[in-house]
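So the chains spell out like this:
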Amino acid sequence: FQSCGYLWEHSRVLLFLVPAGVPVRSGDAAFPKAMDNVTVRQGESATLRCTVDDRVTRVAWLNRSTILYAGNDKWSIDNRVVILSNTKTQYSIKIHNVDVYDEGPYTCSVQTDNHPKTSRVHLIVQVPPQIINISSDITVNEGSSVTLMCLAFGRPEPTVTWRHLSKKGRGFVSEDEYLEITGITRDQSGEYECSAVNDVAAPDIRKVKVTVNYPPYISNTKNTGASVGQKGILRCEAVAVPVAEFQWFKEDTRLANGLDGVRIENKGQMSTLTFFNVSEKDYGNYTCVATNKLGNTNASIILYGLAINSRCLGCPLLSKAHSKFKG
Ligand SMILES: *[C@@H]1O[C@H](CO)[C@@H](O)[C@H](O)[C@H]1NC(C)=O
Ligand SMILES: *[C@@H]1O[C@H](CO)[C@@H](O)[C@H](O)[C@H]1NC(C)=O
Ligand SMILES: *[C@@H]1O[C@H](CO)[C@@H](O)[C@H](O)[C@H]1NC(C)=O
Ligand SMILES: *[C@@H]1O[C@H](CO)[C@@H](O)[C@H](O)[C@H]1NC(C)=O
Ligand SMILES: *[C@@H]1O[C@H](CO)[C@@H](O)[C@H](O)[C@H]1NC(C)=O
Ligand SMILES: *[C@@H]1O[C@H](CO)[C@@H](O)[C@H](O)[C@H]1NC(C)=O
């Protein structure tokens, strides 16, 4: 009963105190004196100290208007809250494993010479930046519009920026959680990096890959000379996303691998047509067709004859093109 009375008395005093709310400015009396605001990271522990003196008769720590400790008596049911010291000079408690909802004002409340006094300290909880939702890798057709999203959490609230990682290194493209690209071009494909930054810990960085599809474009062909009985190779290079498929035609006839002593080989952007043993009938105008799901294009490539001057075998620089296809 004594204990109950004691607590009841305390609560009455404290409940009387708390609605007053405003911390009592020290004035002539220097105590109680809580420390400056306390800043801790989520998961760490926070110590709340209150300096007192001989004249102090009752002490308590409150979280907002809830008593955590009154003297040595624990009122809080939160087992993260423990008392550290209750001496003539100091009254302090510790909160373990601090979380964001613990942030707020804590009050050290004392009674000195029958006068209630309070001192307030703010517990500030910091959280490292963390990206909590980000767009998935995406594939779009050239000319369409794309919105990338990067949502981040942290305390203080992180700054979110988007950057395009290209060889040219064009730097920041957006200082926002959302990055909108209208009429996307092939140059805008590649990796986009989202950074969430606050000053609590290292930035959280994640990447999104944007693939831009576009139809084939034949970037490189070359008319080629070959002598009868020799090997001849025609090359056709096409850039495209997705990578192009190739077909070879002579006039209206499609060439097939293995037939007529030719081989077609496709490697990435390059297709080669190889004649193992060139004969007169092979000379002519060939068409390379590059196709992907967005379209197709073609180019003409000439296989022309090279004269073999018997007196000048092994000096190909002097040999003359004699094909009707060679200008
Ligand atoms: C402080 O009060 C807030 C709001 O009621 C509560 O969520 C939090 O758990 C409390 N923290 C401690 C350490 O008592
Ligand atoms: C303590 O934190 C509160 C709330 O964030 C703020 O208003 C006050 O100015 C801070 N006091 C000091 C001394 O930093
Ligand atoms: C992320 O955001 C998208 C779009 O707003 C939503 O559909 C999805 O459910 C979110 N994912 C998570 C894990 O919150
Ligand atoms: C190339 O073709 C000619 C004519 O068909 C033939 O006489 C010759 O033996 C062939 N050469 C090789 C290496 O196959
Ligand atoms: C090759 O054929 C294409 C069309 O099939 C034509 O446009 C081009 O002029 C021809 N080239 C030569 C050298 O005849
Ligand atoms: C080559 O392209 C032209 C122009 O687009 C088209 O008319 C022609 O049919 C194409 N040739 C082949 C073999 O695809």
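Parameters at a glance
- Residues numbered from 1 in each chain as written.
- Chains lettered and ligands numbered in written order.
- Predicted model: local features only at pLDDT ≥ 70, side-chain atom pairs only at ≥ 80, totals over all residues.
- Heavy atoms only, no water.
- UniProt positions renumbered as here; feature names shortened; annotations may be inferred.
- Helix = DSSP H or I, 4+ residues; strand = E, 2+ residues; numbered from the N terminus.
- Contact = heavy atoms within 4.5 Å.
- Phe/Tyr/Trp six-rings, centres within 6.5 Å; stacked < 30°, edge-to-face > 60°.
- Buried < 20%, exposed > 50% of the residue type's maximum accessible area, 1.4 Å probe, protein only.
- Lys NZ or Arg CZ within 6 Å of the ring centre and 35° of its normal.
- Polar contact = N/O pair within 3.5 Å; in protein donor to acceptor, adjacent residues only side chain to side chain.
- Near = heavy atom within 4 Å.
- Areas by Shrake-Rupley, 256 points an atom, 1.4 Å probe, with all protein chains shown as cover.
- Disulfide = S-S within 2.5 Å.
- Pairing = 2+ DSSP bridges.

As recorded by an unreviewed UniProt entry, the chain carries the name Opioid binding protein/cell adhesion molecule like and is attributed to Crocodylus porosus. Quoted verbatim from the Sequence similarities (unreviewed entry) heading of the UniProt record, the comment on the chain is "Belongs to the immunoglobulin superfamily. IgLON family." Checking UniProt for the chain, the heading Subcellular location (unreviewed entry) contains the comment "Cell membrane".

Enquirer: Can you break down the side chain of Thr 161 residue by residue, with the values?
Expert: Among the structural elements, Thr 161 can be located in strand E13 (residues 159–165). If we skip the residues at most four places from it in the chain, Thr 161 touches Phe 172, Ser 174, Glu 175, Asp 176, Glu 193, Cys 194 and Ser 195.

Enquirer: For the packing of aromatic side chains, give the residues involved together with the corresponding values.
Expert: On inspection of all chains with the given rule, the structure shows one aromatic pair. Ring geometry for Phe 275 versus Tyr 286: centroids 5.4 Å apart, planes at 65°, classification edge-to-face. You can see Phe 275 sitting in strand E23 (residues 270–275) and its partner Tyr 286 sitting in strand E24 (residues 284–292), a full eleven residues away along the chain. Accessibility expressed as a relative area gives 2% for Phe 275, which makes it buried. Overall, Tyr 286 belongs to the buried group, its relative accessible area being 1%. The aromatic ring of Tyr 214 is capped on one face by Arg 186, whose charged end is 3.9 Å from the ring centroid.

Enquirer: Please give an account of the side chain of Ser 135 that cites residues and values.
Expert: Mapped onto the elements of the fold, Ser 135 is located in the loop between strand E10 (115–134) and strand E11 (138–141). We classify Ser 135 as buried; its relative accessible area is 18%. Engagement of the side chain of Ser 135 in a polar contact is seen with the backbone nitrogen of Met 149, the distance being 2.7 Å. Residue contacts for Ser 135: discarding those within four places in its chain leaves Thr 147, Leu 148, Met 149 and Val 208.

Enquirer: Residues and numbers for the site of ligand 5, please.
Expert: The immediate surroundings of ligand 5 are formed by Asn 285, Ser 300 and Ile 302. Within the side chain of Asn 285, a nitrogen or oxygen atom sits 2.3 Å from an oxygen atom of ligand 5. When ligand 5 is considered free in solution it has 360 Å² of accessible area, and contact with the protein chains removes 33% of it.

Enquirer: Now, about the state of the cysteines: what can you tell me, with residues and values included?
Expert: Inspection of the entire model under this criterion finds three disulfides. Here Cys 50 is linked by a disulfide to Cys 108, with a sulfur-sulfur distance of 1.9 Å. A torsion of -85° about the S-S bond marks the disulfide between Cys 50 and Cys 108 as left-handed. Here Cys 108 lies in strand E9 (residues 104–112) and Cys 50 lies in strand E3 (residues 46–51), a separation of 58 residues in the sequence.

Enquirer: Talk me through the sheet that holds strand E18 (residues 224–226); I want residue IDs and the actual numbers.
Expert: Overall, mixed pairing links the five strands, which are arranged E18-E25-E24-E20-E21 in an open sheet. Each edge of the open sheet carries a strand with a single partner, namely E18 and strand E21 (253–254). Across nine bridges, E24 lies against strand E25 (residues 295–305) in antiparallel orientation. By the bridge assignment, Tyr 286 is partnered in E25 with Ile 301.

Enquirer: Give a description of the pairing of strand E19 (residues 232–241) that names residues and reports values.
Expert: Side chains Gly 232, Leu 234, Cys 236, Ala 238 and Ala 240 of E19 all project onto a buried face; the interleaved residues Ile 233, Arg 235, Glu 237, Val 239 and Val 241 project onto a face where none is buried. Where E19 lies against E23, six bridges are found, and the strand directions are antiparallel. Across the sheet, Cys 236 pairs through a bridge with Ser 271, a residue of E23.

Enquirer: Talk me through the environment of Asn 133; I want residue IDs and the actual numbers.
Expert: Along the chain, Asn 133 falls in strand E10. Beyond its immediate chain neighbours, meaning those up to four positions away, Asn 133 contacts Met 149, Cys 150 and Leu 151.

Enquirer: Report on the environment of Ser 119, specifying residues and quantitative values.
Expert: Secondary-structure assignment places Ser 119 in strand E10. Residue classification places Ser 119 among the buried positions, given a relative accessible area of 12%. Between the C-alpha atoms of Ser 119 and Pro 105, which are 14 residues apart in sequence, the distance is 10.0 Å.

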